[in-house]
Amino acid sequence: MQRYDESSIRILEGLEAVRKRPGMYIGSTDGRGLHHLVWEILDNAIDEVLSGYGNSIQITIKEDNSIEIIDEGRGMPYKPHASGRPTTEVIFTTLHSGGKFSDSGYSVSGGLHGVGGAVVNALSQFLVVTVQRDGKIFRQSFAEGGTKIGDLEQIGETKKTGTTVWFKPDPKIFSTTLMNYDAIKERVRESAFLIKGLKVTLIDERNKQKEVFQYFDGIKEYVSFLNKPRKPFDEVHIINSQYKVNGHKTPINVEVAFQYSESYSEVIVSFVNNVRTKDGGTHEIGFKSALTRAINDYARKYNLIKEKDENLDGVDIREGLTAIISLRISEDLLEFEGQTKNKLGTPDARTAVESVVFENMLSYLEENLTVANHIITRSINAKKAREAARKARDLARSGKKQNKKEVTLSGKLTPTQSKDKSVLELFLVEGDSAGGSAKQGRNRHFQAILPLRGKVLNTERASADQALRNEEINTIIHAIGADFGSDFDLKKMNYDKIIIMTDADTDGAHIQVLLMTFFLRFMRPLVEAGKLYIALPPLYRLMRKRGRNEESRYIWTDEELNQIEDLQTYRIQRFKGLGEMNSDQLWDTTMNPETRSIIQVQLDDVSEADQKITTLMGDNVAQRREWIESNVDFEVSDDFEINKEV
Ligand code: 0R9
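Here the structure is a predicted model, which is why all the values come from computation and not from measurement. (Residues numbered from 1 in each chain as written. Predicted model: local features only at pLDDT ≥ 70, side-chain atom pairs only at ≥ 80, totals over all residues. Heavy atoms only, no water.)

Participant: Could you clarify how one ought to interpret the sheet that holds strand β23 (residues 571-574) in this entry?
Facilitator: In a beta sheet, neighbouring strands are held together by backbone hydrogen bonds and run either parallel or antiparallel to one another. The three strands are arranged β22-β21-β23 in an open sheet whose pairing can be described as antiparallel. Edge positions in the sheet fall to β22 (549-555) and β23, since each of these pairs with one other strand and no more. The average undirected angle you get between the axes of adjacent strands in this sheet is 25°. Summarising the sheet, strand β21 (residues 540-546) and β22 pair through seven bridges and their orientation is antiparallel. Its bridge partner lying in β22, Lys 545 is registered against Glu 550. (Pairing = 2+ DSSP bridges. Helix = DSSP H or I, 4+ residues; strand = E, 2+ residues; numbered from the N terminus. Axes fitted to C-alpha atoms, helices over the stretch in contact; angles between N-to-C directions.)

Participant: Which parts of the structure should I look at to understand the pairing of strand β8 (residues 199-204)?
Facilitator: Within a regular strand, side chains alternate between the sheet's two faces. Counting buried positions along β8 gives five out of six residues, so the element sits mostly inside the fold. Direction of pairing for β8 relative to strand β9 (residues 209-213): antiparallel, over a ladder of five bridges. By the bridge assignment, Thr 201 is partnered in β9 with Val 212. Hairpin connection, β8 to β9: the antiparallel pair is bridged by four residues, and Lys 208 has positive phi, about 55°. (Buried < 20%, exposed > 50% of the residue type's maximum accessible area, 1.4 Å probe, protein only.)

Participant: Looking at this structure, how should I read the sheet that holds strand β12 (residues 267-272)?
Facilitator: A sheet is described by the order of its strands in space; here five strands give the open sequence β10-β11-β14-β12-β13, paired in mixed fashion. Two strands in the sheet have a free side with no partner beyond their single neighbour: β10 (237-245) and β13 (275-276). Bridge count between β12 and β13: two bridges; the pairing is antiparallel. By the bridge assignment for β13, Val 272 is matched with Val 275. The strands touched by helix α10 (residues 347-367) are β10, β11 (248-260) and β14 (321-329); relative to β10, the strand with the most contacts, the crossing angle is about 125°. (Contact = heavy atoms within 4.5 Å.)

Participant: Explanation requested: the packing of aromatic side chains in the structure shown.
Facilitator: One pair of aromatic rings is described through two measures. These are the centre distance and the angle between the planes. Counting across every chain of the model gives 14 aromatic pairs. When the ring of Tyr 222 is compared with that of Phe 271, the centres are 6.4 Å apart and the planes differ by 40°; the resulting orientation is tilted. Linking Tyr 222 in helix α7 (residues 218-226) with Phe 271 in strand β12, this pair joins segments that are 49 residues apart in sequence. Here the two residues Tyr 222 and Phe 271 agree in accessibility, since each one is buried. Judged by centre distance (6.3 Å) and plane angle (20°), the rings of Tyr 554 and Phe 575 are stacked. (Phe/Tyr/Trp six-rings, centres within 6.5 Å; stacked < 30°, edge-to-face > 60°.)

Participant: Even after reading the chapter, I still don't get the packing of helix α8 (residues 282-301) against α10, so can you show me in this structure?
Facilitator: Two numbers describe a pair of packed helices, the interaxial angle and the distance between the axes. Two elements in contact, α8 and α10, have axes whose closest approach is 7 Å; the angle formed by their N-to-C orientations is 30°. As judged from the angle between their axes, α8 and α10 are roughly parallel. Of the two elements, α8 crosses α10, and the hand of that crossing is right-handed. Per-class residue counts for the contact of α8 with α10 are 15 nonpolar, four polar and six charged. (Parallel < 35°, antiparallel > 145°, perpendicular 65-115°, else oblique. Left-handed = near helix turned anticlockwise from the far one by under 90°. Nonpolar A, V, L, I, M, F, W, Y, C, P; charged D, E, K, R; others polar.)

Participant: I keep staring at helix α3 (residues 31-50) and nothing clicks. Help me out?
Facilitator: Residues that lie three or four places apart on an α-helix share one face, since the helix turns once every 3.6 residues. Between its first and last C-alpha atoms α3 spans 28 Å; for 20 residues at 1.5 Å apiece the expected length is 28 Å, and the two agree. Along α3, 15 of the 20 residues are buried, which leaves the element largely enclosed by surrounding structure. Immediately beyond the C-terminal end of α3, within one or two residues, lies Gly 52, with a positive phi of roughly 100°. (Expected span 1.5 Å × (residues − 1).)

Participant: Which parts of the structure should I look at to understand the confidence of the model for the chain?
Facilitator: Low pLDDT marks regions whose predicted coordinates should not be analysed in detail. Within the chain, residue pLDDT values average 85, and 85% of them lie at 70 or more. Taken together, the stretch residues 97-113 has pLDDT below 50 and engages in 28 contacts with residues farther than four places along the chain or on a different chain. In the predicted structure, residues 401-408 sits below a pLDDT of 50 and forms six contacts with residues beyond four places in sequence or in another chain. (pLDDT = per-residue confidence, 0-100.)

Participant: What's the story with the side chain of His 35 in this structure? I'm lost.
Facilitator: Within the element layout of this structure, His 35 appears in helix α3. Apart from residues no more than four positions distant in its own chain, His 35 is found in contact with Leu 178, Met 179, Asn 180, Ala 183 and Ile 184.

Participant: Whenever I open this one, unusual backbone geometry confuses me. Can you help?
Facilitator: Across residues other than glycine, the phi torsion is negative in most instances, and most of the peptide bonds are trans. Even without a glycine there, the phi angle at Asn 273 is positive, about 45°. Here Asn 273 lies in the loop between β12 and β13.

Participant: Help me understand helix α16 (residues 506-522) in this model?
Facilitator: Under the 1.5 Å per step criterion, the end-to-end length of α16 is 24 Å for 17 residues, consistent within 8% with the ideal 24 Å. The buried count for α16 comes to 14 of 17 residues, which makes it a mostly enclosed element.

Written out as structure tokens, the structure is:
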């Protein structure tokens, strides 16, 4: 029988608060929140590596979806803390703040800043911590949301040091407890790229997979990795320098790796103290302005742009650029902005990156004339293409010339009756025949239909101006009415949801990928705002006689079909395409917000999404084949995290 003293009651109250409001600590209780627990423990293991102890971490997804993380650091302190209880116990049962438990100024690599252990424990079915330190092995276990099920015990002797945390997220808390190998792999790989030499072994016991990540060239290898599906036109260039003011070192270290390729995309991924800054911030601004300034200075110096001509624009200069920025600054200089704190606010970071990159770029360009000229020629072309596109658009908008495109648009789009943009939906439908059913089946009040003929242009391999000359693309841009590229304005959108509706076959999947490529390249904020959806038409209809009536039901997946016990009593119709459904069926199963299934395209990781899209849609055929062959189970959802809206 467990006896509770006053302090353990306080502990439980603390952890109880986490269980009552998990969202406050980990954001959500879906798959994202679930993985947040993994990141917390992983960050603690990485912190120990960053402090200079051990360089090897092992992470295992067990068969029951529990997670074990092992580091080879000093081992978590276990001796009694001021409260009289072992430090391990305090760490896993109290919502404390970082730095409180050690004199060495325990630094945190991100996340919950030291409260991670207790939060993970509170949200777990069980958690076991094992410490190897001072020649001994200690263990302590917790269950059911952090209740201690025993004191810290010595269970053996060892010559090694390190910490192991094994936990299983509580299914009473999370809507799913299924661990996503790819999500963990991406995170682990990112850490391995950022911390040179760090070796991370990832094991999945559910299907006996194992991968090791270790990179001795750090972010230089990261850029090569991201550019693997692209055609680079030079080596990766690396800048690494401690920022100095008047010859004095500052606590700001700037590391940048970049490489240009023939692709049209711009990929910039930035980090501060090894934490990803998804929304950029001052370091990214500094990098961009240094690059723009250096290229323009160089172009002027060698008369590559004429005196009377305007400077080249940043967006044009960055076409085809892949860059990683890794900033390391002292903790007291860290400032974050925005709702999710994913944006660096530190003003000095801008000055530091700008000055380091500008100096370096100038000499880089002088030493690599071919590359420099190539970048500039490309930017000039990009600028021309952008201006041509803008002219065509302005002309169409002014209505001076009722051009062919506008006529086609008005003929193709079946608009809504309501003008309340906040509820309107635009269906992009594969083929004219399905378009016809959709037009009849829709709710004309708030659903607009735009049928798409044939294959959509692959915008990964097209410039802005080529894309705009494509009729389907042009029509979509006009229908959405919020412009595109750097001029895209979310507030101007004519619809609240853009829903891609294709057949549930490979051609349909291909059209989905092509459209998602387009939205990602030309209307990224639309995707980021969660306004892009994919409709899920059912695969089967089951029918049987019930008395006088005919009973029918719809089935979305093969698994669902196989689970039906009295399947033999039904007649089965397999829908090969949307066209086989009549308009009522299409409304009931795929369009009616009350009964349909649609998935929201979520852009969880921009660089990964770019990577996959470039692999699938770009020029490098061998790379594409390799990717498809090693991902036989190709599904569109592989590229994006998907969220099912019932
Ligand atoms: C498998 C996941 N690993 C960890 O969670 C982990 C935490 C940790 C650690 C120390 C060493 N290894 C660790 N692994 C540590 C830190 C300090 C001194 N000795 C060992 C120190 O900061 O001075 N700790 C993380 C927090 C704490 N230890 C502390 F607060 F208990 F000190």
